[in-house]
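# Inside the fold
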Amino acid sequence: MNKPDMERVKSLVRNIPDFPVAGIQFKDLTTAFKDPEALRLMADAMAEIYAGRGVTKVAGIESRGFIGGTMLAARLGAGFIPIRKPGKLPADTVSMSYDKEYGTDTIEMHRDAITTGDIVVIHDDLLATGGTMLAAYKLVQKMHPKAIYINFLCTLRGLNGRDLLPADVEVTSLFDFEGK
Ligand code: AMP
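Described in the following lines is the structure provided in the data block. (Residues numbered from 1 in each chain as written. Predicted model: local features only at pLDDT ≥ 70, side-chain atom pairs only at ≥ 80, totals over all residues. Heavy atoms only, no water.)

### Describing the sheet that holds strand 7 (residues 119-127)
The sheet built from five strands is open, its strands ordered 4-3-7-8-9 with parallel pairing. Here the strands that pair on one side only, and so sit at the sheet edges, are strand 4 (79-83) and strand 9 (171-177). Sheet twist, expressed as the mean angle between neighbouring strand axes with direction ignored, is 15°. Sheet strands in contact with helix 3 (residues 36-50) are strand 7, strand 8 (147-156) and strand 9, and its direction is about 145° off that of strand 8. (Pairing = 2+ DSSP bridges. Helix = DSSP H or I, 4+ residues; strand = E, 2+ residues; numbered from the N terminus. Axes fitted to C-alpha atoms, helices over the stretch in contact; angles between N-to-C directions. Contact = heavy atoms within 4.5 Å.)

Right, here's the structure in full:
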């Protein structure tokens, strides 16, 4: 992964204070996605990490994880799986609930999306507290694939989300923000 390239991508991420609620510094990646070179650099960097590792499926978390997840799957010659909010997927699903700051949330995946022969990368745009990704990891684990990796475009280091994710799972991120 080329650091100056990722610094360039990071510089294109727009910070929106107090969105969607007061106190949140929202990292708006659409300003990086709309830049043709930055989009390609992100795809290249992700593909470089996972090339040659036998990845058969990339699971993207709704909805911003669909963008990078699909790019990565296509680059690797793997399939793409959507992990969605409840009631969106039409066929038989498996689900996982998790605690949020206020109340609980649930995510779902098609039951036939992953089989025991798969090597899976779970992808989301941003690691904050890690709660969403931990639930996605547990959901994918239910199908007992051969291996699971976790990838983010970026990480908010100040929230220590990495510590919530299993220590023995490889977690990668293309670039980091120091704050929360
Ligand atoms: P978490 O479960 O706390 O790790 O939250 C991760 C999910 O929420 C990801 O899908 C992100 O897209 C979104 N998210 C959380 N915090 C932010 C933020 N400050 N800026 C942009 N997206 C965020």
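### Points about the packing of helix 1 (residues 3-11) against helix 3
Running from N to C, helix 1 and helix 3 point in directions that differ by 130°, and their axes come no closer than 10 Å. Classed by the angle they form, the pair helix 1 and helix 3 counts as oblique. Between helix 1 and helix 3 the crossing geometry is left-handed. Listed contacts from helix 3 to Asp5, Met6, Arg8 and Val9 of helix 1 are Glu37, Ala38, Leu41, Met42 and Ala45. Within the contact of helix 1 with helix 3, the residues separate by chemical class into six nonpolar, no polar and three charged. (Parallel < 35°, antiparallel > 145°, perpendicular 65-115°, else oblique. Left-handed = near helix turned anticlockwise from the far one by under 90°. Nonpolar A, V, L, I, M, F, W, Y, C, P; charged D, E, K, R; others polar.)

### What to know about the packing of aromatic side chains
We describe a pair of aromatic rings using the distance from one ring centre to the other and the angle between the two ring planes. Scanning the model with the defined rule gives four aromatic pairs in all. Measuring from ring centre to ring centre gives 6.0 Å for Tyr50 and Tyr149, while their planes differ by 40°; the resulting arrangement is tilted. One end of the pair, Tyr50, is in helix 3; the other, Tyr149, is in strand 8, with 99 residues separating them in the sequence. The ring of Phe177 is capped by Lys10, whose NZ or CZ atom sits 5.2 Å from the centre of that ring. A cation sits over an aromatic face here: Lys27 above Phe177, 4.7 Å from the ring centre. (Phe/Tyr/Trp six-rings, centres within 6.5 Å; stacked < 30°, edge-to-face > 60°. Lys NZ or Arg CZ within 6 Å of the ring centre and 35° of its normal.)

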